[in-house]
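# A structural walkthrough
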Amino acid sequence: MNEKLSAIKEQTLAKIEQAQDASVINDIKVAILGKKGELTQVLKSMKDVAPEDRPKVGQMVNEVRQNIEEKLDEKLKAINRAARAEKMKRETIDVTLPGVKKIDGHRHPNQTALEDLERVFIGMGYEIVSGPEVEYDKYNFELLNIPANHPAKDEQDTFYITKDILLRTQTSSVQARIMEQGKLPIRILSPGRVFRSDEVDATHSPSFHQVEGLVIDKNITMADLKGTLAQWAKEFFGPNTKTKFRPHHFPFTEPSAEVDITCFKCGGKGCRVCKGSGWIEILGCGMVHPHVLEMCGIDPEEYSGFAFGIGLERITLLKYEIDDMRLLYENDMRFLQQW
Amino acid sequence: MNTPISWIKAYVPDLDVDIETFVNKMTLSGSHVENYVKKDKNLEKIVVGKIETIEKHPDADKLVVCQVNMGAETLQIVTGAKNVKEGDLIPVVLDGGKVAAAHGDNTEYPDGIKIKKGKLRGVESNGMMCGIEELGSSRDFYPEAPEDGVYVFPADSGVKPGDDAVKALGLDDAVVEYEITSNRVDCFSMIGMAREVAATFNKKFVPPVVNVKGSGGNVNDYISVEVKDTDLCPRYVARVVKNIKIGPSPKWMRDRLAAQGIRSINNLVDITNYVMEEFGQPMHAFDLDTIAGHKIVVKRAADGDKFTTLDGQERILDSDVLMICDSEKEVAIAGIMGGENSMVTDDIKTLLFEAACFDGANIRLSTKRIGLSTDASAKFVKGLDPNLALEAINRACQLIEELGCGEVVDGVVDAYANPVSEKQLPFEPEKMNKLLGTDISKEDMLEYFGRLELKYDSATNIITIPTFRQDLNCMADLAEEVARFYGYDNIPTTLPHGEATAGKKSYAERISDIVRNICEGNGFSGAMCYSFESPKVFDKLLIPEDSVYRKAIEISNPLGEDYSIMRTLPLNGLLTSLSTNYNRRNKEARLYELANVYLPKALPLTELPEEKMKLCMGMYGSGDFFTLKGVLEELTEKLGFGKDLSYEPSTDEPFLHPGRQALIKKGNMVVGYIGQLHPEVADNYSIKAEVYLAVLDMETITMLSNFDRKYEGIAKFPGMTRDLALVVDKSIFVGEIEKVIKKCGGKLLESYKLFDVYEGEQVAEGKKSVAYSMTFRAKDRTLEDKEVSEIIDKLLTELGKMNIEIRA
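This is a predicted model, so every value here is computed, not measured.

The helix and strand inventory of chain A stands at 13 helices and nine strands. Computed over its C-alpha atoms, the radius of gyration of chain A comes to 41 Å, more than 25% above the 20 Å expected for a compact globule of 339 residues. With the C-alpha coordinates of chain A rotated into their principal frame, the extents come out at 125 × 45 × 45 Å. Counting every position in chain A, which comprises 339 residues, the buried fraction comes to 53%. Within chain A, contacts between residues at least 6 apart in sequence are counted, and of these 67% link residues at least 24 apart. Counting only carbon and sulfur atoms, one obtains 50% of the accessible surface of chain A, whose full area is about 16,300 Å².

Below, the structure written as structure tokens:
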């Protein structure tokens, strides 16, 4: 019995070893383990074994069976693996062929610059608000300390609709509207279209965008204005950006300043972008004029604030090194697709 | 405003900084330097030489060989110049030196031209004699220079061999150009800028001492002045000069005027110009003999008055133009230009000098209406300090005496009804520090004020402000003065603290962001177009004469007709851009714009118009109506209201193809429209391709948007799918069939999908085959076949009424 079992085992394992494909494995399985298989036959002949030897023989048969099953399984896996490897070899593709793209749209660079800018100020607690583009003289000029016949009105070459209604020349018009609402503190950013009667050329457009910032609270200082804009410049133009504040004049802020940043192209060494100076003029700002606060119903003895105005197109042109402002309004796909 | 450093130094003698430091510090103290030109930028090693001998060149007829005494040595120099002779003092550039330009050559040399010694036709030449052009200047500024040839120093110039020729010619100077802000009227003068320079560098400011000797007589015997409109003329000062001697002005004055780009005319004109540059006060000179009644009357013109200015032009006046008149006639337009009838000629004997202060705004408006502005009016429009007038006229009279140009009659006629007094403000150092975020000492603040001629009285704690500083009116103004001399750079940088505020975008702006993302995800790129356009646009878009779209806001002073109305439709900009792309042979273009249209409530405007933001999408190239509709479906579904929209066939929009347009509606509310651009409109925009357009109203989209999602569970029970192929009249739109499907399907209809539309041989003429796949499901049980069959039967009955049958 023992020898017979050993013989079946040896022969079967040898056959398994030699098997080359899955069908042979299946055949062996049937021939040995099937209903009429050799090992099954051995089990059937158990009745001829002495009763006291049966458990031992039974155990031996099971061991052989288990051993053969394991080997069959192992071999089948190996055969399948080899077959799949063979198949995959035939499936090789040229991975250097181009990918399949859908038609992709592009964000306008001016919009991208605006969103980058907004993100920084939203992080600093500013709310984005908007105001009308067709505006009353009152909000665009009068409440900003620019009364009738003020020379600043000439400087800004205003488009008029009627005597009192105009196309706003500056997003500063939103300042008075927000202050008038009387909710304090104020921390807003207001982007939008503005209009000035400039003929179209590489650096001028009768329609462009500004971004106005306004903060009103108790104890707001010029140091806060400097800190805020310095932080914005670092986040927007890069961590090494330095800011320079120069005295300037705007009717609705006092003190007023213009802000230069170190050229982001050359880092301040001087290049074509900064015209060799190392600095780029970037925005105007100042402390909200006490008279403006008063006119808008805010007590300048209690509150102070700062305001700044950024020319969006200017920043877009500088940041992306676009040399002609007209490109922004032409909407040529070959231009837009670069962003 | 331009100032030569040399002129500034006349009033700030201790100024001793290099030009780069000067420019930076002036900018940081508030006088923004836009540009500066060093006159000697490209002049190196240029020395005065004296020509000792001149001999013929042995091998060249046109050249001579000179021995030139350079002080320390004698150099042999070969020249082709014809104007030199032995004994002449000339500028010589030495070996290794530099000149600014080449003789007889208009090329610009940004880095100058290096000069080396060498041989000219075999004879050694150790330098070059310079013409005025080679020194970077011109005969305009050095009229004594020859038209062609080497500059020869005049005999009385006092230079000697070995001297620095650049210095001797006054070319060791720089002209600085400032951007002066409109509030600093006082800085539009040499004196004003010198005061700023002195304050910036903390040096002594030494203005000219004005002192008129006089020659006796009494001005009141010569002239009287009456100002009728004192609102437009706060002050009028007059002086008289007799025995005028017209002649050239001295070199120092011509040089200074030349540096300002002002050509010398004669002593009288030059003095007027000089004082205007020096003090910023324009003056006018009349020939007193032309002044009838020897009386000046300052008053408004009458409407329609005609007046010939000294340039010979006839001007038409109105009652807001201020005129200078004599007892009979108008003799000058105040502050703008004198009249031909009173102008100074070479024969003048007695001169009437005017220095006045006119209302800036009035002068500004007058120059615009008359269409004439002058150097003088440019000064007046800024709004001058009335106290300047007397100082300036006396300075002019002083120069007249010093230059021997005439005899100044004693006395001044001064019509000054309401003299301007000095403003006073309390000194509030704590408030200033609080505004600036600084901790600047009182003493430092007062020291800055002292530099600016602001006086402090400690007894009353009052700051007194000189009248030339019209811009200082409150604490914040004084704080700026403190800040700019303390240095904006030295103010600390802090961040606002206090109550926290939520940084956020408005809901509408967040919807816009989603719209942008979806448009771009579908191949549409962001466009930017103008808000104003031409009224011709309406014809291009086939808009009927009576359409409300034509009720557009007109700009009263547009750049031109093309930019004269505010758009009521968002189409023209985008179509123009598509046209640009098409005509530049870009194969396809997909653009979108989010921008306002402007809808007046009434015309002409009495209140602000409605500004409605529109999403406008346009495309040509690949894709069709349904490509664009797919984008709108994605957009509206993402915004949470797409399923409830209907696309109703429409012929409303004249600029769209009448058979290929739809109104997009939710219930009765119109959200927008979509369609193919009318081929005639496409022609009008020179686009020879099918253009598809969609316009959605952003306010409506924002209102309809809904992000309120709740988990609905995942179906537990199996669904049942039925496919249905229908034969339909061609004229029936699937939308009508779908309405019936939805109605009959009821709650059990989970979804339906149109999977085929076919027209052709397999179906009868005039018919099309439309195939739907419908899925039915109940949430609480497995559906029975019978339930679904009942629905399908009902559906077919309903469709039968529309002459729709199941396809055999």
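On to the overall build of chain B. What chain B contains, in helices and strands, is 20 helices and 39 strands. Over its C-alpha atoms chain B spans a radius of gyration of 42 Å, topping by over 25% the 28 Å that the globule rule assigns to 808 residues. The C-alpha extent of chain B, read off along each of the three principal axes, is 125 × 80 × 60 Å. The proportion of buried residues among the 808 residues of chain B is 51%. Sequence separation of at least 24 residues holds for 70% of the intrachain contacts in chain B that already meet a minimum separation of 6. Of the roughly 37,500 Å² that chain B leaves accessible, carbon and sulfur atoms contribute 48%.

Another point: empty space enclosed by the protein. To locate leftover empty space, one rolls a probe as large as a water molecule over the atoms. Under the defined criterion, the tally for this structure stands at one cavity of 30 Å³ or more. When its volume is computed, the largest cavity comes out at roughly 140 Å³. If you go around the largest cavity, you meet 16 residues; those closest to its centre are B:Gly30, B:Thr181, B:Asn183, B:Arg184 and B:Arg484. If you list the elements that add at least two residues to the lining of the largest cavity, you get β6 (243-250) of chain A together with α12 (475-486) of chain B. Split into classes, the residues belonging to the lining of the largest cavity amount to three nonpolar, six polar and seven charged.

All buried positions along helix α10 (residues 429-436) of chain B are accounted for by B:Pro429, B:Met432, B:Asn433, B:Leu435 and B:Leu436. Down the axis of α10(B), the sector holding all buried residues measures 160 degrees, keeping them to one side. Those residues of α10(B) hidden inside the fold are in contact with α9 (222-237), β7 (253-262), β8 (279-288) and β9 (304-311) of chain A together with α11 (442-451) and α12 of chain B.

Quick look at the side chain of B:Thr181 now. Residue placement: B:Thr181 occurs in the loop between β11 (174-179) and α4 (190-201). A polar contact is formed between the side chain of B:Thr181 and the side chain of B:Asn183, at a distance of 2.5 Å. Beyond its immediate sequence surroundings of up to four residues, B:Thr181 is in contact with A:His248, A:His249 and B:Phe188.

What follows concerns the sheet that holds strand β2 (residues 32-38) of chain B. All names here are of chain B. Reading across the sheet, the three strands line up as β1-β11-β2 and stay open at both edges, with antiparallel pairing between neighbours. Each edge of the open sheet is held by one strand with a lone partner, namely β1 (2-4) and β2. When strand polarity is set aside, the average angle formed by the axes of neighbouring strands in this sheet is 20 degrees. In this sheet, β11 lies alongside β2 in antiparallel orientation, the contact comprising six bridges. Residue pairing across strands places His32 opposite Glu179, the latter belonging to β11.

All names here are of chain B. Positionally, Met698 belongs in helix α18 (residues 698-704). Classification of Met698 by relative accessible area gives buried; the value is 4%. Sequence separation between Met698 and Asp385 is 313 residues, and the spatial gap between their C-alpha atoms is 54 Å. Once you skip the residues sitting within four places of it in the chain, Met698 turns out to touch Ile511, Ser512, Val515, Leu594, Met613, Lys614 and Leu615.

A separate point is helix α5 (residues 109-123) of chain A. Residues and elements named next belong to chain A. For α5, with 15 residues, the first-to-last C-alpha span of 21 Å sits near the 21 Å given by 1.5 Å per residue. Most of α5 sits inside the fold, with 11 of its 15 residues counted as buried. Along α5, the residues classified as buried are Pro109, Asn110, Gln111, Ala113, Leu114, Glu115, Asp116, Leu117, Glu118, Val120 and Phe121. Within two residues after α5, Gly125 carries a phi angle of roughly 90 degrees, on the positive side.

Where two aromatic rings form a pair, the distance of their centres and the angle of their planes describe that pair. Throughout the structure, instances matching the rule amount to 32 aromatic pairs over all chains. Arranged with centres 6.1 Å apart and planes meeting at 65 degrees, the rings of B:Tyr752 and B:Tyr772 form a pair that is edge-to-face. Note that B:Tyr752 is positioned in strand β37 (residues 749-758) and B:Tyr772 in strand β38 (residues 767-776), a separation of 20 residues in sequence. Residue class for B:Tyr752 comes out partly exposed when judged on its relative accessible area of 26%. Each member of the aromatic cluster is reached from another via a ring pair, and the members are A:Phe121, A:Tyr126, A:Trp232, A:Phe236, A:Phe237, A:Phe264, A:Phe306 and A:Phe308. Cation over ring: A:Arg177 sits above A:Tyr139, and NZ or CZ is 4.2 Å from the ring centre.

Bringing unusual backbone geometry into the picture now. In this structure, A:Pro255 follows A:Glu254 across a cis peptide bond, with omega equal to -5 degrees. Turning to its location among the elements, A:Pro255 is positioned in strand β7. Omega for the peptide link from B:Leu603 to B:Pro604 comes to -10 degrees, which places this bond in the cis form. Here B:Pro604 is to be found in the loop between β30 (589-599) and β31 (610-620). A positive phi angle, near 55 degrees, is found at A:Lys275, a position not held by glycine. Mapping A:Lys275 onto the fold places it in the loop between β7 and β8. We note that B:His294 has phi near 45 degrees; this positive angle belongs to a residue other than glycine. Among the structural elements, B:His294 can be located in the loop between β14 (284-287) and β15 (295-300).

Moving on, we come to the interface of chain A and chain B. On the chain B side, the residues contacting the 84 residues of chain A number 87 residues. Across the chain A/chain B interface, buried area totals approximately 7,200 Å², and carbon plus sulfur atoms make up 55% of it. Where chain A touches chain B, the interface holds six salt bridges. B:Glu593 serves as the salt-bridge partner of A:Arg193, at 3.1 Å between the closest nitrogen and oxygen. Taken together, the connections running from chain A to chain B amount to 44 residue pairs in polar contact (both at pLDDT 80 or more). Per-class residue counts for the side of chain A that touches chain B are 31 nonpolar, 25 polar and 28 charged.

As a further point, take the pattern of salt bridges. Residue and element names in this part refer to chain B. The full count for this structure, using the stated rule, is 68 salt bridges over all chains. The residue Arg469 makes a salt bridge to Glu481 at a minimum N-O spacing of 3.2 Å. You can see Arg469 sitting in the loop between β26 (462-465) and α12 and its partner Glu481 sitting in helix α12, a full 12 residues away along the chain. Relative accessible area serves as the criterion here: at 1%, Arg469 is assigned to the buried category. Glu481 gets classed as buried once you look at its relative accessible area, which sits at 1%.

Here the focus is the confidence of the model for chain B. Taken over all residues, the pLDDT of chain B has a mean of 94, while the share at 70 or more is 100%. If you check the scores for this complex, the pTM reads 0.86 and the ipTM reads 0.87.

Moving on: the nonpolar core. Grouped together as the largest cluster of nonpolar side chains are 64 residues, with contacts concentrated most on A:Leu117, A:Trp232, A:Ile282 and A:Phe308. If one sorts the elements of this core by residue count, α9(A) sits on top with eight residues. Aside from chain neighbours lying at most four places away, what touches A:Leu117 is A:Leu189, A:Val211, A:Trp232, A:Phe236, A:Ile310, A:Leu312 and A:Ile315. Counting residues in each nonpolar core, the second largest holds 55 residues, with B:Ile553, B:Leu575, B:Val681 and B:Val695 among its members.

Before going further, it helps to examine the side chain of B:Thr309. Its location among the elements puts B:Thr309 in the loop between β16 (306-308) and β17 (314-316). Look past the residues within four positions of B:Thr309 in its chain and what remains in contact with it is B:Arg315, B:Ile333, B:Met337, B:Gly338, B:Gly339, B:Glu340 and B:Leu372.

What counts as what
- Residues numbered from 1 in each chain as written.
- Chains lettered and ligands numbered in written order.
- Predicted model: local features only at pLDDT ≥ 70, side-chain atom pairs only at ≥ 80, totals over all residues.
- Heavy atoms only, no water.
- Helix = DSSP H or I, 4+ residues; strand = E, 2+ residues; numbered from the N terminus.
- Rg over C-alpha atoms; globule rule 2.2 N^0.38 Å.
- Buried < 20%, exposed > 50% of the residue type's maximum accessible area, 1.4 Å probe, protein only.
- Contact = heavy atoms within 4.5 Å.
- Areas by Shrake-Rupley, 256 points an atom, 1.4 Å probe, with all protein chains shown as cover.
- 1 Å grid on protein atoms, 1.4 Å probe; cavity = no way out; pocket = protein on both sides within 12 Å on 5 of 7 lines; lining within 4 Å.
- Points joined across faces, edges and corners; volume = space filled by probe spheres on them.
- Nonpolar A, V, L, I, M, F, W, Y, C, P; charged D, E, K, R; others polar.
- Arc of directions from axis to C-beta.
- Polar contact = N/O pair within 3.5 Å; in protein donor to acceptor, adjacent residues only side chain to side chain.
- Pairing = 2+ DSSP bridges.
- Axes fitted to C-alpha atoms, helices over the stretch in contact; angles between N-to-C directions.
- Expected span 1.5 Å × (residues − 1).
- Phe/Tyr/Trp six-rings, centres within 6.5 Å; stacked < 30°, edge-to-face > 60°.
- Lys NZ or Arg CZ within 6 Å of the ring centre and 35° of its normal.
- Buried area = accessible area lost by both parts, 1.4 Å probe.
- Salt bridge = Lys/Arg side-chain N within 4 Å of Asp/Glu carboxyl O.
- pLDDT = per-residue confidence, 0-100.
- Core = buried A, V, L, I, M, F, W, Y, C linked by side-chain atoms within 4.5 Å.

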